[in-house]
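Chain by chain, the residues:
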Amino acid sequence: MPHVVMVETQPEIHPLLDTSTKSVRARGSSLYSPNTAWEVGYTGKDIVVAVLDTGVDDEHEFLKGKFIAGFDCSGPAPGSDREINPDDLDGHGTHVTSIIMSTGGPDETYKGVAPDAKLVDVKVLGDVGKSFSGQLIRGIEWVIENKDKYNITIINLSVGSDIEDPDGTSAPSQAANMAVENGLIVIAAAGNKGPGTQTLTAPSVAEKAICVTALDDMNTINRVDDIITSYSSRGPGGNGAKKPDIAAPGNNIIGARAVIAGNASNEIIMMSGTSMATPHVTGVVALILQANPNLSPSEVKQNLLNTAEDKGETGWDVDYGWGEVEAYKAVASALNVDFRDFDEPLSTQSLLSLEKIVNGLISQLLITGYEILMPGGIITIIAVTTVVVIDTLVYRKKDEFTIP
Ligand SMILES: [Ca+2]
Ligand SMILES: [Ca+2]
Ligand SMILES: [Ca+2]
Ligand SMILES: [Ca+2]
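From a predicted model like this one, the values you see are computed outputs, not experimental measurements.

### Some words on the overall build of the chain
Move 1: Looking only at helices and strands, the chain features nine helices and 18 strands.
Move 2: Here the chain, with 404 residues, has 55% of them falling under the buried criterion.
Move 3: For the chain, restricting intrachain contacts to residue pairs at least 6 apart in sequence, the fraction spanning at least 24 positions comes to 74%.

### Examining helix 2 (residues 92–101)
Move 1: Counted residue by residue, helix 2 has 10 buried out of 10 residues, so it is predominantly covered.
Move 2: Among all positions in helix 2, only His 92, Gly 93, Thr 94, His 95, Val 96, Thr 97, Ser 98, Ile 99, Ile 100 and Met 101 are buried.

### A few points about the packing of helix 3 (residues 133–150) against helix 4 (residues 171–181)
Move 1: Their axes nearest at 9 Å, the elements helix 3 and helix 4 cross at an angle of 10 degrees. Classified by the interaxial angle, the pair formed by helix 3 and helix 4 is roughly parallel. For the pair helix 3 and helix 4, the contacting residues are Ser 133, Leu 136, Ile 137, Ile 140, Val 143 and Ile 144 in the first and Ala 171, Pro 172, Ala 175, Ala 176, Met 178 and Ala 179 in the second.
Move 2: Considering only residue class, the contact of helix 3 with helix 4 consists of 11 nonpolar, one polar and no charged.

### What about the environment of Gly 183?
Move 1: Turning to its location among the elements, Gly 183 is positioned in the loop between helix 4 and strand 10 (185–189).
Move 2: Its 13 C-beta neighbours within 10 Å are what place Gly 183 among the partly exposed residues.

### Side note on the confidence of the model for the chain
Move 1: Taken residue by residue, the chain gives an average pLDDT of 82. The fraction at 70 or more is 78%.
Move 2: Throughout residues 1–15 the model reports pLDDT below 50, and contacts reaching past four residues in sequence, or to other chains, amount to 58 contacts.
Move 3: Taken together, the stretch residues 338–369 has pLDDT below 50 and engages in 51 contacts with residues farther than four places along the chain or on a different chain.

### Some words on the pairing of strand 10
Move 1: Along strand 10, five of the five residues are buried, which leaves the element largely enclosed by surrounding structure.
Move 2: Bridge analysis of strand 8 (residues 152–157) against strand 10 gives four bridges, and the strand direction is parallel. Across the sheet, the residue bridging to Ile 154 is Ile 185, located in strand 10.

### Things to note about the nonpolar core
What tends to happen in soluble globular proteins is that the nonpolar side chains get buried as a cluster.
Move 1: By size, the foremost hydrophobic cluster in this structure holds 97 residues, and its most contacted members are Val 49, Val 186, Val 212, Val 284, Leu 287, Ile 288 and Val 331.
Move 2: Counting residues per element, this core draws most heavily on helix 5 (residues 274–291), which supplies 10 residues.
Move 3: Sequence-distant contacts of Ile 288, defined by excluding residues within four places in its chain, comprise Leu 295, Val 300, Asn 303, Ala 330, Val 331 and Ala 334.

### A word on the packing of helix 5 against helix 7 (residues 327–335)
Think of two packed helices as two axes; the pair is described by the angle between the axes and how far apart they sit.
Move 1: Relative orientation of the contacting elements helix 5 and helix 7 amounts to 25 degrees, with a least axis distance of 8 Å. If you check the angle between helix 5 and helix 7, you find them roughly parallel. Between helix 5 and helix 7 lies a crossing of right-handed hand. Mapping the contact onto sequence places Val 284, Leu 287, Ile 288 and Ala 291 in helix 5 and Ala 327, Ala 330, Val 331, Ala 334 and Leu 335 in helix 7.

### Focus: the environment of Asp 53
Move 1: Position of Asp 53 among the secondary structure elements: in strand 2 (residues 48–53).
Move 2: For the pair Asp 53 and Lys 123, spaced 70 residues apart in the sequence, the C-alpha separation amounts to 5.3 Å.

### Regarding unusual backbone geometry
Move 1: In the segment running from Gly 194 into Pro 195, the intervening peptide bond is cis, with an omega of 5 degrees.
Move 2: With omega at 5 degrees, the peptide bond leading from Lys 243 into Pro 244 counts as cis.
Move 3: For Pro 244, the position within the fold is in the loop between strand 12 (227–228) and strand 13 (246–249).
Move 4: Positioned with a positive phi, Asn 151 is a non-glycine residue whose angle comes to about 65 degrees.
Move 5: You can see Asn 151 is positioned in the loop between helix 3 and strand 8.
Move 6: In this structure Asn 151 comes out as partly exposed when scored by C-beta crowding, with 14 C-beta atoms within 10 Å.

Thresholds applied
- Residues take numbers from 1 onward in each chain, read along the sequence in its written order.
- By the order in which they are written, chains take letters starting at A while ligands take numbers starting at 1.
- It should be noted that, the model being predicted, local features are given only for residues of pLDDT at least 70 and side-chain atom pairs only at 80 or more, the latter also being counted only at that level, while totals for whole chains, interfaces and linings use all residues.
- Numbering of helices and strands runs from the N terminus, with a helix taken as a DSSP run of H or I at least four residues long and a strand as a DSSP run of E at least two residues long.
- Three classes are used. A residue is buried when 20 or more other C-beta atoms lie within 10 Å of its own, exposed when 12 or fewer do, and partly exposed in between, with C-beta atoms placed from the backbone.
- Whether two residues are in contact is decided by their C-beta atoms, placed from the backbone, lying within 7 Å.
- Angular values range over 0 to 180 degrees, each being the angle between N-to-C directions of two axes fitted as lines to C-alpha atoms, with helices fitted over their stretch in contact.
- Any angle from 65 to 115 degrees is called roughly perpendicular, while one under 35 is roughly parallel, one over 145 is roughly antiparallel, and all others are oblique.
- Each residue is assigned to one class: nonpolar for Ala, Val, Leu, Ile, Met, Phe, Trp, Tyr, Cys and Pro, charged for Asp, Glu, Lys and Arg, and polar for all the others, Gly among them.
- pLDDT is a per-residue confidence score from the predictor, ranging from 0 to 100.
- DSSP calls a pair of strands paired once it identifies at least 2 bridges connecting them.
- In plain words, the nonpolar core is the set of buried Ala, Val, Leu, Ile, Met, Phe, Trp, Tyr and Cys residues that C-beta atoms within 7 Å link up.
- Here a crossing is called left-handed whenever its near helix is offset anticlockwise from the far helix by less than a right angle, and right-handed whenever the offset is clockwise.

Here it is as structure tokens:
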């Protein structure tokens, strides 16, 4: 069987996890608040993610209380699979997991995208960071077998194979498709074989997986300057298939640092790669599932792609897929609310729409942070129950309006 390789490059300097979680509009920020997923109440609460990787040092301060179950199929001997809590002697899996669900420790700086999500720790990669695709497949099979027992809904694959698999028909890709057919959402790293085209790796090329390329967020929260990294693998898939699916920050991301052969504490480390981009998308999927647990894997995928922000060439392209992941829009779409982007001041014509969308609790939260100027005073919107529509009603984003 061909080797499975970690998709990770050497770190450079700069951006932080606390920037990238803001860039994807999960965490609140000076730029995007109050229009972020956390601020409308979605933090991935109790969504269970299986991380198939090098194991996870879940005793790390950022990951305490996350562990639900574990499985180790990384051993060399047949029949050595064990249901245990695997140790991470490499560091890759611990870092990846922190991007998904870190609580950030006491000062909460390095929170993951879905800080209330839970972990199933599936070790498919040996401690030297390489293993066989057979073990990856075994890990996927174990998750399928145990998904109901542990309530697993998502698989994060920041691992890839170096096998040629343009059509997504290799054994790992088939296993990824099988997981989706069994109701799981599979998010997989595109690989770090760019910048050439047709460099995607298995199983990210699997038709039903969500294939993620890596962006550099340029150490700014603003998404405008986010750009594809040179190393990120590019599409298309075989026969021009529209792969990758989506892009996310993955360059110079700070996350939890594992301790080799021991218990991790609270240290951090920077890593880069599509391995680090993938868990950003996984975290957003956890937010989506909390918002609407009834969505099927294909509906979640469609939701992600529909709400991604187009980058590069107009429409789908080989670098960004359908664009950069957007947590706030994805959550709003999952809630099926009459979404509008409140970045811009609302016009008077918007009032009827506003009246409509404040009818639901979640919709009310979507407009938190605005103020309505009315004859006789200003109403700060915290949780609206009724909005009276009158011609003279003016509203504004809180703290961004100067009264003449
Ligand atoms: Ca562990
Ligand atoms: Ca360890
Ligand atoms: Ca940026
Ligand atoms: Ca595009």
